[in-house]
Amino acid sequence: QVQLVESGGGLVQPGGSLRLSCAASGVILSVDTMGWYRQAPGKQRELVAMINDEHTNYADFGEGRFTISRDSAKNTVYLQMNSLKPEDTAVYYCNCRRVWGERGDYWGQGTQVTVSA
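The present account deals with the structure reproduced in this document.

1. With respect to the nonpolar core
Piece 1. Among the nonpolar cores identified, the biggest contains 27 residues, and L4, V27, M34, W36, L79, M81 and Y92 are the most heavily contacted of them.
Piece 2. Where this core is concerned, the elements lending two or more residues are β3 (18-25), β4 (33-39), β5 (46-51), β7 (66-71), β8 (76-81), β9 (90-98) and β11 (111-115).
Piece 3. Excluding its chain neighbours within four sequence positions, the residues that come into contact with L4 are C22, A23, A24, V27, M34, C94, N95, C96, Y106, W107, G108 and Q109.

Laid out in structure tokens, this is it:
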């Protein structure tokens with residue numbers, strides 16, 4: 001059973017940094033595609049970054065500022081966010097996209113990131 005638990009959100013000033021973590025159980029990082037999404041109030045959930053063995057992709061707004069990584073030994077996925085802007089304020093969700101076995105999208109509960117002076 002896939003379980004995803006995010007942590008690391010909080011309040012940060014513009015220009016600051018945060019590192020989000022996603023502790024993933026029931027996930028095979030070498031097989032599953034892992035991603036970070038975000039949802040701001042009144043907006044649709046959008047992709048921030050994704051990673052698998054073949055690709056690492058970023059949304060345009062995150063290119064050069066955000067870095068997704070994974071640690072197979074800890075079964076954890078990270079999102080390092082630098083040069084944060086107020087428009088980055090959102091709930092950030094960890095996602096596992098599985099295309100084998102019990103296929104589908106699995107989500108964590110989300111972690112709030114607020115960028116404000």
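We are not done yet, so read on.
2. Brief notes about the environment of S83
Piece 1. Within the element layout of this structure, S83 appears in the loop between β8 and β9.
Piece 2. Given a relative accessible area of 42%, S83 falls into the partly exposed group.
Piece 3. Among residues more than four places away in sequence, those in contact with S83 are G15, G16, S17, R65 and D88.

3. As for the pairing of β4
Piece 1. When you tally the buried positions in β4, you get six out of seven residues, the bulk of the element.
Piece 2. For β4 and β9, the ladder comprises seven bridges, and the chain directions are antiparallel. Within the sheet, the bridge partner assigned to G35 lies in β9 and is N95.
Piece 3. Here β4 runs beside β5; their pairing, made up of five bridges, is antiparallel. Bridge pairing in β5 places Y37 opposite L47.
Piece 4. Where β4 folds back on β5, the antiparallel hairpin that results is connected by six residues, among which G42 adopts a positive phi of roughly 75 degrees.

4. As for the sheet that holds strand β1 (residues 3-7)
Piece 1. Ordered in space as β1-β3-β8-β7, the four strands form an open sheet in which the pairing is antiparallel. Unpaired on one side and paired on the other, β1 and β7 mark the two borders of the sheet. Taken pair by pair, the neighbouring strands of this sheet meet at an average axis angle of 15 degrees, ignoring direction.
Piece 2. Relative to β8, β3 is paired through six bridges, and the arrangement is antiparallel. Note on β8: the bridge partner recorded for C22 is V77.

5. Structural notes on the side chain of R98
Piece 1. Structurally, R98 is set in strand β9.
Piece 2. Side-chain polar atoms of R98 contact the backbone oxygen of G26, separated by 2.9 Å.

6. Some remarks on the state of the cysteines
Here, disulfide denotes a covalent bond that connects the sulfur atoms of two cysteines.
Piece 1. Under the definition given, this model contains one disulfide.
Piece 2. A sulfur-sulfur distance of 2.1 Å marks the disulfide that ties C22 to C94. The chirality of the disulfide connecting C22 with C94 is left-handed, given an S-S dihedral of about -80 degrees. Here C94 lies in strand β9 and C22 lies in strand β3, a separation of 72 residues in the sequence.
Piece 3. In this structure C22 comes out as buried when scored by relative accessible area, which is 0%.
Piece 4. C94 gets classed as buried once you look at its relative accessible area, which sits at 0%.
Piece 5. For the unlinked cysteine C96, the closest cysteine sulfur is that of C94, found at 7.9 Å.

Calculation rules
Each chain carries its own residue numbering, running from 1 in the direction its sequence is written. For this predicted model, a pLDDT threshold of at least 70 governs which residues receive local features, and a threshold of 80 or more governs which side-chain atom pairs are given and counted, while totals over whole chains, interfaces and linings are taken from all residues. As a rule here, side-chain values cover all heavy atoms of the structure and leave hydrogens and water aside. Put simply, a nonpolar core is a bunch of buried Ala, Val, Leu, Ile, Met, Phe, Trp, Tyr and Cys residues held in one set by side-chain atoms that sit within 4.5 Å of each other. For every residue, the accessible area (1.4 Å probe, protein chains only) is compared with the maximum for its type, and the residue is labelled buried under 20%, exposed over 50%, or partly exposed between those bounds. Each helix is a run of DSSP H or I of at least 4 residues and each strand a run of E of at least 2, with the numbering of both proceeding from the N terminus. In this analysis, two residues are considered to be in contact whenever any of their non-hydrogen atoms come within 4.5 Å of each other. A pair of strands counts as paired when DSSP detects no fewer than two bridges linking them. To define axes, lines are fitted to C-alpha atoms, for helices over the stretch in contact only, and angles between the resulting N-to-C directions are given on a 0 to 180 degree scale. Any pair of nitrogen or oxygen atoms within 3.5 Å is treated as a polar contact; in protein, a donor-acceptor pairing is required on top of that, and neighbouring residues in sequence qualify only through side-chain atoms on both sides. The disulfide criterion used throughout: a pair of cysteine sulfur atoms within 2.5 Å.

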